Amino acid sequence: MNSVIDQNPLHKVYEGLRVLDLSQGIAGPYCAQILGQMGARVTKVEPFHGDWGRSMGVPRAGFSAIALAFNRGKRSVALDAQTDAGRDVLHRLAARADVVVQSFRPGVADRLGVGYATLRDINPRLIYASISGFGLSGPYVDRPGTDSVVQALTGLTTANCDGAGLPQRVKPFVGDLSCGVYTANAIGGALFARERGQGGTHIDVSLLATMAALQNSSLIDHALRGGEPVTSVTYPQGIFSTADGYVLVFAMNNAMFAAICRVIGRDDWLKDPRMDTPQHRIQVGDEINAGVAQALRLRSTAHWTQSFRENDILYGEVKDYDQFQDDEQVRHLGLVQTLCQPGLGGVPFVGLPGVRPGVGAADDRVPAVGEDTHAVLRELEYSAADIAALAQDGIIQQAAAPAVATY
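All residue numbers refer to positions counted from 1 along the written sequence of the respective chain. With pLDDT at 70 or above as the cut-off, local features in this predicted model cover only qualifying residues; side-chain atom pairs require 80 or more to be listed or tallied, and sums for whole chains, interfaces and linings still use all residues. To obtain the side-chain values, all non-hydrogen atoms of the structure were included, while hydrogens and water were left out.

- As recorded in an unreviewed UniProt entry, the chain goes by CoA-transferase family III family protein 46 and comes from Achromobacter xylosoxidans.

Here is the structure:
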């Protein structure tokens with residue numbers, strides 16, 4: 001492996017940091033996992049039935065793809081947070097934590113006794129991150145919000161209309177994933193400020209704010225167009241059929257447009273004044289795309305990608321996930337690693353870009369619900385008798401052995 005990557009210290013930059021993950025779903029868990037992939041020790045607290053993300057899709061051996069993707073390397077504690085004894089456990093965890101990440105609907109954390117004001121009194125140095133659909137105040141404060149809902153509200157589904165003009169959601173969970181990244185970034189800034197003596201703080205990140213930030217250039221373009229129809233920024237551009245598949249082609253500048261013309265045998269376009277600048281080509285974009293489509297369907301994807309590569313043209317073979325994992329550049333970089341998950345065997349996993357290139361350590365697995373309950377309580381100085389009493393009273397739950405896959 002590349003020695004520069006091997007020496008990259010970023011995967012340990014948060015070593016010694018304690019993160020209390022009270023979130024569920026995608027955005028919060030992904031945020032906490034990012035901190036974990038940079039060295040933090042993440043303790044996830046879940047209800048007895050587990051984070052609702054564990055049951056999304058089609059779980060295998062008790063783990064959904066969402067659970068596996070966003071909870072790697074964490075410890076899991078299962079408890080009833082609505083009881084006094086359960087809240088005491090949470091307060092002890094918060095007293096030792098550096099960061100808390102929660103994604104309850106506004107007001108729920110306060111009712112459970114784990115709101116920022118309460119935990120700040122317990123631990124003034126705490127960095128507390130609240131993730132919500134629409135923010136912590138305002139007319140939508142009580143409205144449930146998800147990735148899909150906020151995509152629709154912020155105009156992304158309209159911007160992503162299909163050929164028939166029907167709004168489409170962008171996959172996969174672009175709002176949730178981006179919210180997790182933005183929140184982890186904000187936490188990093190807050191930790192830096194704390195080291196400079198500014199103490200703890202409350203971070204408020206919403207899906208609404210995230211989706212708005214992602215679409216900055218589109219919002220600006222909308223304002224600049226002043227009601228004019230949306231057009232592509234350049235031509236040719238798009239996904240075109242080949243004789244045996246599909247390929248994406250994009251002309252970024254005049255030189256690349258000329259190269260495309262030569263490759264597909266349309267030298268006549270080079271003499272056409274309607275196509276001499278990107279701005280002119282926009283006016284005849286449909287004609288250009290139609291000509292490219294007519295040419296590309298005559299030969300194989302392999303032929304065109306080789307030609308485009310030799311002529312420094314922006315292109316991309318349209319691949320499925322199996323083909324992507326077998327891609328020579330993906331294999332060269334070692335992007336897709338294997339996560340050894342009890343009950344499932346090997347599961348493909350992509351690490352955090354720029355931070356941790358590989359997986360494979362024993363603690364990289366995703367825990368079962370409550371798998372680490374007893375161990376964490378012992379760290380909190382609960383006695384064996386205390387732990388037994390909490391279990392007897394239905395306050396905590398310890399996971400059973402991992403299920404064995406039968407599919």
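1. Description of the pattern of salt bridges
Phase 1 of the analysis: By definition here, a salt bridge exists when the distance from a side-chain nitrogen of Lys or Arg to a carboxyl oxygen of Asp or Glu is within 4 Å. A full pass over the atoms with the stated rule returns 20 salt bridges.
Phase 2 of the analysis: The residue Glu 195 makes a salt bridge to Arg 125 at a minimum N-O spacing of 4.0 Å. Here Glu 195, found in helix α9 (residues 174–198), pairs with Arg 125, found in the loop between α6 (116–122) and β5 (127–132); they are 70 residues apart in sequence, far enough to count as distant.
Phase 3 of the analysis: Here Glu 195 falls in the exposed class, since its relative accessible area comes to 59%.
Phase 4 of the analysis: Exposure is judged per residue with a 1.4 Å probe applied to protein chains only, and the accessible area is read against the type maximum: over 50% gives exposed, under 20% gives buried, and values in between give partly exposed. On the basis of relative accessible area, Arg 125 is assigned to the partly exposed category, the value being 42%.
Phase 5 of the analysis: The partner of Asp 326 in a salt bridge is Arg 331, with the nearest N and O atoms 3.5 Å apart. Here Asp 326 and Arg 331 have matching classes, each one exposed.
Phase 6 of the analysis: Linked by salt bridges that have partners in common, Asp 21, Lys 44, Asp 51 and Lys 74 make up one network. In this description a helix means any DSSP run of H or I spanning at least four residues, a strand means any run of E spanning at least two, and both kinds are numbered starting from the N terminus.

2. Structural notes on unusual backbone geometry
Phase 1 of the analysis: Note that the residue after Lys 171, namely Pro 172, is joined by a cis bond; omega there is -5°.
Phase 2 of the analysis: Counting through the fold element by element, Pro 172 comes out in the loop between α8 (156–159) and α9.
Phase 3 of the analysis: Geometrically, the link from Tyr 235 to Pro 236 is a cis peptide bond, its omega value of 0° lying close to zero.
Phase 4 of the analysis: Summarising the element assignment, Pro 236 is placed in the loop between α11 (216–225) and β7 (237–241).

3. As for the side chain of Thr 373
Phase 1 of the analysis: Within the element layout of this structure, Thr 373 appears in helix α18 (residues 373–379).
Phase 2 of the analysis: Looking at Thr 373, the relative accessible area reads 0%, which means it is buried.
Phase 3 of the analysis: A polar contact of 2.8 Å, which involves the side chain of Thr 373, links it to the backbone oxygen of Gln 397.
Phase 4 of the analysis: Contact partners of Thr 373, with chain neighbours within four places excluded, come to Ser 76, Val 77, Ala 78, Ile 396, Gln 397 and Gln 398. N or O atoms closer than or at 3.5 Å make up a polar contact, with two conditions inside protein: a donor-capable atom paired with an acceptor-capable one, and, for residues adjacent in sequence, both atoms drawn from side chains. It only takes one pair of heavy atoms within 4.5 Å for two residues to be counted as in contact.

4. So, the sheet that holds strand β12 (residues 396–397)
Phase 1 of the analysis: As summarised here, the arrangement of the seven strands in space is β6-β5-β4-β1-β2-β3-β12, forming an open sheet in which the pairing is mixed. Of all strands in the sheet, those bounded by a partner on one side alone are β6 (201–206) and β12.
Phase 2 of the analysis: Examined bridge by bridge, strand β4 (residues 99–102) and β5 share four bridges and lie parallel to one another. Note on β5: the bridge partner recorded for Val 99 is Ile 127.
Phase 3 of the analysis: Contacts between helix α2 (residues 27–37) and the sheet are confined to β1 (18–21), β2 (41–46), β4 and β5, with β1 contributing the most and set at about 165° to the helix. When DSSP finds at least two bridges between two strands, those strands are taken to pair. Helix axes are fitted to C-alpha atoms over the stretch in contact, other axes to C-alpha atoms as well, and angles between N-to-C directions run from 0 to 180 degrees.

5. Details of the environment of Asp 84
Phase 1 of the analysis: Locating Asp 84 in the fold gives a position in helix α4 (residues 84–96).
Phase 2 of the analysis: Linking Asp 84 and Gly 113, residues 29 residues apart in sequence, is a C-alpha distance of 9.3 Å.

6. Quick look at the domain arrangement of the chain
Phase 1 of the analysis: Taken domain by domain, the chain consists of domain 1 (4–217 + 336–397) and domain 2 (237–323).
Phase 2 of the analysis: A C-alpha centroid distance of 43 Å is found between domain 1 and domain 2. Segmentation of the chain into domains, including their bounds, is taken from an automatic or database domain assignment.

7. Describing the packing of α9 against helix α10 (residues 207–214)
Phase 1 of the analysis: Between α9 and α10, the shortest axis-to-axis distance is 9 Å and the interhelical angle comes to 95°. As the angle between them shows, α9 and α10 are arranged roughly perpendicular. Along the contact surface, α9 presents Val 174, Gly 175, Asp 176, Ser 178, Cys 179 and Tyr 182, while α10 presents Leu 207, Thr 210, Met 211, Ala 213 and Leu 214.
Phase 2 of the analysis: Amino acid classes used here: Ala, Val, Leu, Ile, Met, Phe, Trp, Tyr, Cys and Pro are nonpolar; Asp, Glu, Lys and Arg are charged; the rest, including Gly, are polar. Across the contact of α9 with α10, the residue classes break down as seven nonpolar, three polar and one charged. Note on angle classes: values under 35 degrees are labelled roughly parallel, values over 145 roughly antiparallel, values of 65 to 115 roughly perpendicular, and the remainder oblique.

8. Structural notes on the sheet that holds strand β9 (residues 314–317)
Phase 1 of the analysis: Strand order in the open sheet formed by three strands is β7-β8-β9, with antiparallel pairing between adjacent strands. Either end of the sheet is taken by a strand with one partner, and the two such strands are β7 and β9. The average angle at which neighbouring strand axes cross in this sheet is 20°, direction not considered.
Phase 2 of the analysis: Relative to β9, strand β8 (residues 246–250) runs antiparallel, the two being bridged by four bridges. Looking across to β9, one finds that Val 247 is bridged to Glu 317.
Phase 3 of the analysis: Taken strand by strand, helix α15 (residues 301–310) contacts β8 and β9, and its axis lies near 150° from that of β9.

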